[in-house]
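# Summary of structural features
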Amino acid sequence: MGEHGDFGRRGAKSALDVGCGEGRFCRMLNAKGIATTGVDPTAALVAHACAADVNGGVYLEAAAESLPFENGSFDLVVSYLALIDIPDYASGIAEMVRVLKPGGALLIANLNGFNTAGAETGWVRGALGKLLYYPVDHYLDERAFWTEWRGIRIVNHHRPLQAYMQALLREGMKLTHFEEPAPIAGAPPEKAERYRRAPWFLVMEWVKPG
Ligand SMILES: C[S@@+](CC[C@H](N)C(=O)[O-])C[C@H]1O[C@@H](n2cnc3c(N)ncnc32)[C@H](O)[C@@H]1O
């Protein structure tokens, strides 16, 4: 989560990763001594996460919109590249806040709305493949579109940033960190150029008052 994303700094002992996929983030958190549960509605990914976790981490098949946990169960809730996948993001966010303890943190990494607003067209290239521009269009219009993740065709959702921000504010959450990370040193030059010219990713930390 970048240099600033020190998710252990609040002393989190328990975490929930919503939309954990193959569980890579759960394994990272568990390695930091944070007992992490992963949930994902895709059975094959949950099975993969269980098999890949040699420390016996807990993984369940569940969707963000209906989390099978008591109120205030976790010190930390993580949503890593999952909000773009979640059809009813407002219910998903309300559920993430519900299962978070008062004083706990919700860590969100998501595709930037400028990125998803242009995803259907992608970069427009000129002669010799030179990157010309990235077309952001119909930014305010929420919509679903087909894309590919690890070779699998999936539906993602474009929403303007305000959709997520307003849903989190409605839940009473307080924003404590916001970042659009720059490409890391050593990234392949064309990838670094693309991510610098059209933001790809954003990272936010929200805290539940209490
Ligand atoms: C781009 S993947 C990211 C997976 C993982 N967080 C990672 O970074 O490796 C998005 C994940 O969201 C999951 N997903 C789709 N719909 C969801 C929902 N309603 N609630 C929770 N997760 C969902 C998908 O099954 C997929 O595993």
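With that out of the way, let us pick up the pattern of salt bridges. All told, the structure shown has 6 salt bridges when counted by the stated rule. Residues Glu120 and Arg143 are paired through a salt bridge, measuring 3.1 Å at the closest nitrogen-oxygen approach. Of the two residues, Glu120 is situated in the loop between α4 (113-116) and β6 (124-125) and Arg143 in strand β8 (residues 143-149); the sequence distance between them amounts to 23 residues. In this structure, the salt-bridge partner of Glu190 is Arg125, at a minimum N-O distance of 3.1 Å. Here Glu190, found in helix α6 (residues 189-197), pairs with Arg125, found in strand β6; they are 65 residues apart in sequence, far enough to count as distant. Classification of Arg125 by relative accessible area gives partly exposed; the value is 40%. Through salt bridges with shared partners, one network takes in Arg125, Glu190 and Arg194.

Counting residues in hydrophobic clusters, the biggest one holds 31 residues, and the most contacted among them are Leu16, Val77 and Leu106. Elements with a minimum of two residues in this core: β1 (14-18), β4 (74-80), α3 (89-98), β5 (100-111), α5 (161-170) and β11 (201-207). Considering each element in turn, this core owes the most residues, 5 residues, to α5. Among the nonpolar cores identified, the runner-up in size contains 10 residues, and Ile34, Leu76, Val78 and Leu107 belong to it.

What follows deals with the site of the ligand. Lining the immediate surroundings of the ligand are 17 residues, of which Gly19, Arg24, Asp40, Thr42 and Tyr80 lie closest. A distance of 2.6 Å separates an oxygen atom of the ligand from a polar atom in the side chain of Asp40. Within the complex, the protein chains bury 93% of what would otherwise be the 600 Å² of accessible surface of the ligand. A class-by-class count of the residues in the shell around the ligand yields 10 nonpolar, 3 polar and 4 charged.

Let us now look at the confidence of the model for the protein. Taken residue by residue, the protein gives an average pLDDT of 93. The fraction at 70 or more is 95%. Note that residues 1-5 has pLDDT below 50 and, in this model, 9 contacts with residues that lie over four places away or in other chains.

In space, the 7 strands of this open sheet follow the order β3-β2-β1-β4-β5-β11-β10, with mixed pairing throughout. What marks the edges here is a single partner per strand, and that holds for β3 (58-61) and β10 (174-179). For this sheet, the mean angle separating the axes of adjacent strands, direction not counted, is 15 degrees. The pairing of β10 with β11 spans 5 bridges and is classified as antiparallel. Of the residues in β11, the one forming a bridge with Phe178 is Met204. Strands in contact with helix α2 (residues 43-52) are β2 (35-40) and β3; relative to β3, the strand with the most contacts, it is inclined by about 170 degrees. In the packing of α5 onto the sheet, the strands contacted are β5, β10 and β11, and the crossing angle to β11 comes to about 10 degrees.

Positioned with a positive phi, Leu128 is a non-glycine residue whose angle comes to about 60 degrees. Within the secondary structure layout, Leu128 lies in the loop between β6 and β7 (131-133). Unlike most non-glycine residues, His138 shows phi in positive territory, near 50 degrees. Following the sequence through the fold, His138 ends up in the loop between β7 and β8.

In this section: the side chain of Asp53. Within the secondary structure, Asp53 is located in the loop between α2 and β3. The side chain of Asp53 is buried and forms no salt bridge, while Arg27, the nearest opposite charge, is found at 6.2 Å. A distance of 3.3 Å separates the side chain of Asp53 from the backbone nitrogen of Gly57, its partner in a polar contact.

Rules used in this analysis
- Residues numbered from 1 in each chain as written.
- Predicted model: local features only at pLDDT ≥ 70, side-chain atom pairs only at ≥ 80, totals over all residues.
- Heavy atoms only, no water.
- Salt bridge = Lys/Arg side-chain N within 4 Å of Asp/Glu carboxyl O.
- Helix = DSSP H or I, 4+ residues; strand = E, 2+ residues; numbered from the N terminus.
- Buried < 20%, exposed > 50% of the residue type's maximum accessible area, 1.4 Å probe, protein only.
- Core = buried A, V, L, I, M, F, W, Y, C linked by side-chain atoms within 4.5 Å.
- Near = heavy atom within 4 Å.
- Polar contact = N/O pair within 3.5 Å; in protein donor to acceptor, adjacent residues only side chain to side chain.
- Areas by Shrake-Rupley, 256 points an atom, 1.4 Å probe, with all protein chains shown as cover.
- Nonpolar A, V, L, I, M, F, W, Y, C, P; charged D, E, K, R; others polar.
- pLDDT = per-residue confidence, 0-100.
- Contact = heavy atoms within 4.5 Å.
- Pairing = 2+ DSSP bridges.
- Axes fitted to C-alpha atoms, helices over the stretch in contact; angles between N-to-C directions.
- Lys, Arg positive; Asp, Glu negative; His and termini not counted.

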